[in-house]
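Single-letter residue listing:
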Amino acid sequence: MTALLIDLDGVLYETDEPIAGASATIQWLQENDVPHLFLTNTTSRPRTAIVGKLAGMGIDVTAAKILTPLVAAAEWLSTNAQGPAALFVTPATLEEFESIDIAAADDMRVASVVVGDFGERWSFAELNRAFRLLMNEPQPVLVALGMTRYWKAEDGLRLDTAPFVVALAHASGVEPIVLGKPARPFFETALAMLGAAPGETLMVGDDINGDVGGALSAGIRGALVRTGKFRPEDLDGDVRPDYVLDSIADLPQHWSSM
Ligand SMILES: [Mg+2]
């Protein structure tokens, strides 16, 4: 293996506690110049906030090494859909789109419609604005920042990104490009950023489907860690990880034989 993709939640930390040995493994990566990126599906916060959270746990990571669906979207759009992008994302994350041309709210023609964490900002008017933009000819691309169906908020379950993307895709007939694990374009963006070949790259994660399954379907090797959301029955399913590690702390000692 020559390059690494590493999940954050459940691999480097659980809730607000670092996983034992995580910080030493990150230091080992940096000292040995192992090409790597941290892959997370977080779309509610910019990388600067993630860097701060990790630093608070003694884990030293720079923003340039973190790939979120927001960053992948900006990267993907810059090569695949040049022109104004209509963003349906949380305002706190707009800093991740500094490199692209952001459409004004009254722009009628755009090159892309990007749907992420928009929560309570959705209204019929906003959903219909996205729909009308998608109905133009030529049709813009529809970019989904992940396809999570719902999440558990303090007051109960809440709709996530997928239901809105599916509604827009259904009405407009535009197939969404999904950037976020386990979708292949997200992993391909990561490989392009690293300049790495899929067969020489290892994804380390705690989610048998999102991390390992997604990586395998993009031709990337997958290592499952027994931390975070790992359950022993994960090893009995259809997705077969290439490696199983007790935790990220074990990576340096196995790396040369992987
Ligand atoms: Mg995870």
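Since the structure is predicted, the reported quantities are computational estimates derived from the model, not experimental observations.

Quick notes on the rules
Residues numbered from 1 in each chain as written. Predicted model: local features only at pLDDT ≥ 70, side-chain atom pairs only at ≥ 80, totals over all residues. Buried ≥ 20, exposed ≤ 12 C-beta atoms within 10 Å, placed from the backbone. Helix = DSSP H or I, 4+ residues; strand = E, 2+ residues; numbered from the N terminus. Pairing = 2+ DSSP bridges. Domains from an automatic or database assignment. Contact = placed C-beta atoms within 7 Å. Nonpolar A, V, L, I, M, F, W, Y, C, P; charged D, E, K, R; others polar. Core = buried A, V, L, I, M, F, W, Y, C linked by C-beta atoms within 7 Å. Axes fitted to C-alpha atoms, helices over the stretch in contact; angles between N-to-C directions. Parallel < 35°, antiparallel > 145°, perpendicular 65-115°, else oblique.

It is not clear to me how the pairing of strand β4 (residues 36–39) should be interpreted in this structure. Could you clarify?
Every other side chain in a regular strand lies on the same face of the sheet, so the side chains alternate between the two faces. In β4, alternate side chains face the same way, and those of His-36 and Phe-38 on one face and Leu-37 and Leu-39 on the other are all buried. Inspection of the sheet shows strand β1 (residues 3–7) paired to β4 by 4 bridges, in the parallel sense. Bridge pairing links Ile-6 to Phe-38 in β4. Where β4 and strand β5 (residues 66–67) come together, 2 bridges link them in parallel fashion. Bridging from a neighbouring strand, Phe-38 pairs with Ile-66 of β5.

Can you walk me through the sheet that holds strand β11 (residues 177–178) in this structure?
By way of backbone hydrogen bonds, the strands of a sheet pair with one another, either parallel or antiparallel. Spatially, β6-β7-β8-β11 is the arrangement adopted by the 4 strands of the open sheet, whose pairing is parallel. Pairing within the sheet leaves two strands with one partner each, and these edge strands are β6 (85–88) and β11. In the sheet, β6 pairs with strand β7 (residues 112–115) via 4 bridges, with the strands oriented parallel. Looking across to β7, one finds that Ala-86 is bridged to Val-113.

Could you clarify how one ought to interpret the domain arrangement of the protein chain in this entry?
Interface size, as often reported, equals the accessible area lost upon joining of the parts. For the protein chain, the assigned domains are domain 1 (3–41 + 181–255) and domain 2 (71–178). Contacts between the two partners involve 6 residues from domain 1 and, on the opposite side, 6 residues from domain 2. Classifying every residue of the side of domain 1 that touches domain 2 by side-chain character gives 4 nonpolar, 2 polar and no charged.

Looking at this structure, I do not really get the nonpolar core. What am I missing?
Across soluble globular proteins, nonpolar side chains have a tendency to be buried as a group. Counting residues in hydrophobic clusters, the biggest one holds 71 residues, and the most contacted among them are Val-114, Val-115, Leu-179 and Val-204. With 6 residues, the single largest contributor to this core is helix α3 (residues 69–80). If you count residues domain by domain, this core takes at least three from each of domain 1 (3–41 + 181–255) and domain 2 (71–178).

Explanation requested: the packing of α3 against helix α6 (residues 184–194) in the structure shown.
Packed helices, taken two at a time, are described by their axes: the angle between them and the distance between them. Relative to each other, α3 and α6 sit at 70°, their axes nearing to 10 Å. Taken together, the axis directions place α3 and α6 in an arrangement best described as roughly perpendicular. Listed contacts from α6 to Pro-69, Ala-72, Glu-75 and Trp-76 of α3 are Pro-185, Phe-186, Thr-189 and Met-193.

Explain unusual backbone geometry to me, please; I cannot follow it from the model alone.
What is expected of a backbone is that most residues other than glycine have negative phi and most peptide bonds are trans. In this structure, the amide linkage connecting Glu-137 to the following residue, Pro-138, adopts the cis form with an omega of -5°. Looking at the secondary structure, you find Pro-138 in the loop between α4 (124–134) and β8 (141–144). Following Lys-181, the chain continues to Pro-182 via a peptide bond in cis, the omega torsion being 5°. Secondary-structure assignment places Pro-182 in the loop between β11 and α6. Non-glycine residue Thr-15 carries a positive phi angle of around 55°. Within the secondary structure layout, Thr-15 lies in the loop between β2 (13–14) and β3 (17–18). Residue classification places Thr-15 among the exposed positions, given that 7 C-beta atoms sit within 10 Å. In the Ramachandran plot, Asp-33 falls in the positive-phi region, its phi being about 50° despite a non-glycine side chain. Mapped onto the elements of the fold, Asp-33 is located in the loop between α1 (22–31) and β4.

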